[in-house]
Amino acid sequence: DAGITQSPRHKVTETGTPVTLRCHQTENHRYMYWYRQDPGHGLRLIHYSYGVKDTDKGEVSDGYSVSRSKTEDFLLTLESATSSQTSVYFCAISGAGGYTQYFGPGTRLTVL
Amino acid sequence: GQQVMQIPQYQHVQEGEDFTTYCNSSTTLSNIQWYKQRPGGHPVFLIQLVKSGEVKKQKRLTFQFGEAKKNSSLHITATQTTDVGTYFCAGPAGGTSYGKLTFGQGTILTVHP
């Protein structure tokens, strides 16, 4: 497996609280992605990054923001968590020149 | 926007039976990829197909890319309990690239011993 870690692996929080998920890679890959996975919806792209400080929205970006201050770290923030954001969140990385993506172990987030 | 559809959504088989999942894109794809996710795990890259009509094999798994490069299939011969999981196809997302993929909804395979 590619060197990707996610933290925390599990989190329970309350509606209205801010939450930050971290993705860390040791592969020096340029591209990084945040997905959420929900039953019946497959993997949906939230935000992605194509370089340090270069990010853009995916198909389900409302309520989420991201930051990438270093090549190896990509942070996903829920400014004010809602119950609809209860999901499993995966980070993925991809190197330049190809579309193959390598996924982290995931973070299970529950918003009560 | 681009859509990638997969059927069936669920498939239950007896161990030893064959299994096939189909993937259809609303647009022509430059390549298609397949991923497997074990229960409780994360998606893992299996293979990438690039050429029209391409067929690739990995042991009991056979992957095909359609002639029009809009559809693909994954066939597993003589399923085993280790094949259990969700199989996703994915194609390059439209517009600006940056390696983005559009994933199908996945086919959840259950294998009964």
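Scroll up to find the structure.
Residues numbered from 1 in each chain as written. Chains lettered and ligands numbered in written order. Predicted model: local features only at pLDDT ≥ 70, side-chain atom pairs only at ≥ 80, totals over all residues. Heavy atoms only, no water.

Draft legend 1. Region of interest: the overall build of chain A. Of the regular secondary structure elements, chain A holds zero helices and 11 strands. Counting from the amino terminus, helix and strand elements in chain A follow one another as β-β-β-β-β-β-β-β-β-β-β. Its C-alpha atoms put chain A at 40 × 25 × 25 Å along the principal axes. Looking at the 112 residues of chain A, the share that counts as buried comes to 49%. Taking contacts inside chain A between residues at least 6 apart in sequence as the whole, the part at least 24 apart equals 54%. Only carbon and sulfur atoms are counted for the fraction: they give 47% of the accessible area of chain A, which is about 5,200 Å². Seen as two clouds, the 11 positive and the 11 negative side-chain charges of chain A have centres 2 Å apart. (Helix = DSSP H or I, 4+ residues; strand = E, 2+ residues; numbered from the N terminus. Buried < 20%, exposed > 50% of the residue type's maximum accessible area, 1.4 Å probe, protein only. Contact = heavy atoms within 4.5 Å. Areas by Shrake-Rupley, 256 points an atom, 1.4 Å probe, with all protein chains shown as cover. Lys, Arg positive; Asp, Glu negative; His and termini not counted. Charge placed at Lys NZ, Arg CZ, Asp CG, Glu CD.)

Draft legend 2. Region of the structure containing the packing of aromatic side chains. For the structure on display, the rule yields 17 aromatic pairs over all chains. When the centroid spacing of 6.5 Å and the interplanar angle of 35° are considered together, the rings of Trp 34 of chain A and Phe 74 of chain A count as tilted. Of the two residues, Trp 34 of chain A sits in strand 4 (residues 31–38) while Phe 74 of chain A sits in strand 8 (residues 73–78), which places them 40 residues apart along the sequence. One exposure class covers both Trp 34 of chain A and Phe 74 of chain A, and it is buried. For the ring pair Phe 88 of chain B and Phe 103 of chain B, a centre distance of 6.3 Å and an interplane angle of 90° mean the geometry is edge-to-face. Pair noted here: Phe 88 of chain B is in strand 9 (residues 85–92) and Phe 103 of chain B is in strand 10 (residues 101–103), with a separation of 15 residues, a long-range link. By relative accessible area, Phe 103 of chain B is classed as buried at 7%. An aromatic cluster is built from Tyr 33, Tyr 35, Phe 90 and Phe 103 of chain A together with Tyr 35, Phe 45, Phe 88 and Phe 103 of chain B, whose rings are joined through pairwise contacts. (Phe/Tyr/Trp six-rings, centres within 6.5 Å; stacked < 30°, edge-to-face > 60°.)

Draft legend 3. Layout of the side chain of Thr 100 of chain A. Its place among the elements puts Thr 100 of chain A in the loop between strand 9 (87–94) and strand 10 (102–103). Overall, the relative accessible area of 15% leaves Thr 100 of chain A in the buried class. Other than its neighbours up to four places away in sequence, Thr 100 of chain A contacts Ile 93 and Ser 94 of chain A together with Gln 33, Tyr 35, Phe 45 and Gln 48 of chain B.

Draft legend 4. Main features of the pattern of salt bridges. All names here are of chain B. All chains considered together, the criterion is met by six salt bridges over all chains. Two residues, Glu 54 and Lys 56, come together in a salt bridge whose shortest N-O distance is 3.7 Å. Relative accessible area serves as the criterion here: at 16%, Glu 54 is assigned to the buried category. Among the residues examined, Lys 56 registers a relative accessible area of 31% and is labelled partly exposed. (Salt bridge = Lys/Arg side-chain N within 4 Å of Asp/Glu carboxyl O.)

Draft legend 5. Seen up close, the interface of chain A and chain B. If you look at the interface, chain A gives 19 residues, while chain B gives 20 residues. Note on chain A versus chain B: buried area summed over both sides is about 1,800 Å², and carbon and sulfur give 60% of it. Of all residues in chain A, Leu 43, Tyr 99 and Phe 103 of chain A give up the largest surface area on contact with chain B, accounting jointly for 34% of the area buried on that side. Counting across the chain A and chain B interface gives zero salt bridges. Taken together, chain A and chain B are joined by five residue pairs in polar contact (both at pLDDT 80 or more). (Buried area = accessible area lost by both parts, 1.4 Å probe. Polar contact = N/O pair within 3.5 Å; in protein donor to acceptor, adjacent residues only side chain to side chain.)

Draft legend 6. Summary view of the state of the cysteines. Residues and elements named next belong to chain A. On inspection of all chains with the given rule, the structure shows two disulfides over all chains. A disulfide bridge connects Cys 23 with Cys 91, and the sulfur atoms are separated by 1.9 Å. What sets the handedness of the Cys 23 and Cys 91 disulfide is the S-S torsion sign, and at about -70° it is left-handed. Taken as a pair, Cys 23 in strand 3 (residues 19–25) and Cys 91 in strand 9 lie far apart in primary sequence, 68 residues in all. (Disulfide = S-S within 2.5 Å.)

Draft legend 7. Geometry of the sheet that holds strand 1 (residues 4–7) of chain B. All names here are of chain B. Strand order in the open sheet formed by five strands is 1-3-8-7-6, with antiparallel pairing between adjacent strands. Strands at the two margins of the open sheet, each flanked by one partner only, are strand 1 and strand 6 (55–58). Taking each pair of neighbouring strands and ignoring which way they run, the sheet shows an average axis angle of 15°. Summarising the sheet, strand 7 (residues 61–65) and strand 8 (residues 71–76) pair through five bridges and their orientation is antiparallel. Residue pairing in the sheet places Thr 62 in a bridge with His 75 of strand 8. (Pairing = 2+ DSSP bridges. Axes fitted to C-alpha atoms, helices over the stretch in contact; angles between N-to-C directions.)

Shape descriptors only; they carry no functional weight alone.
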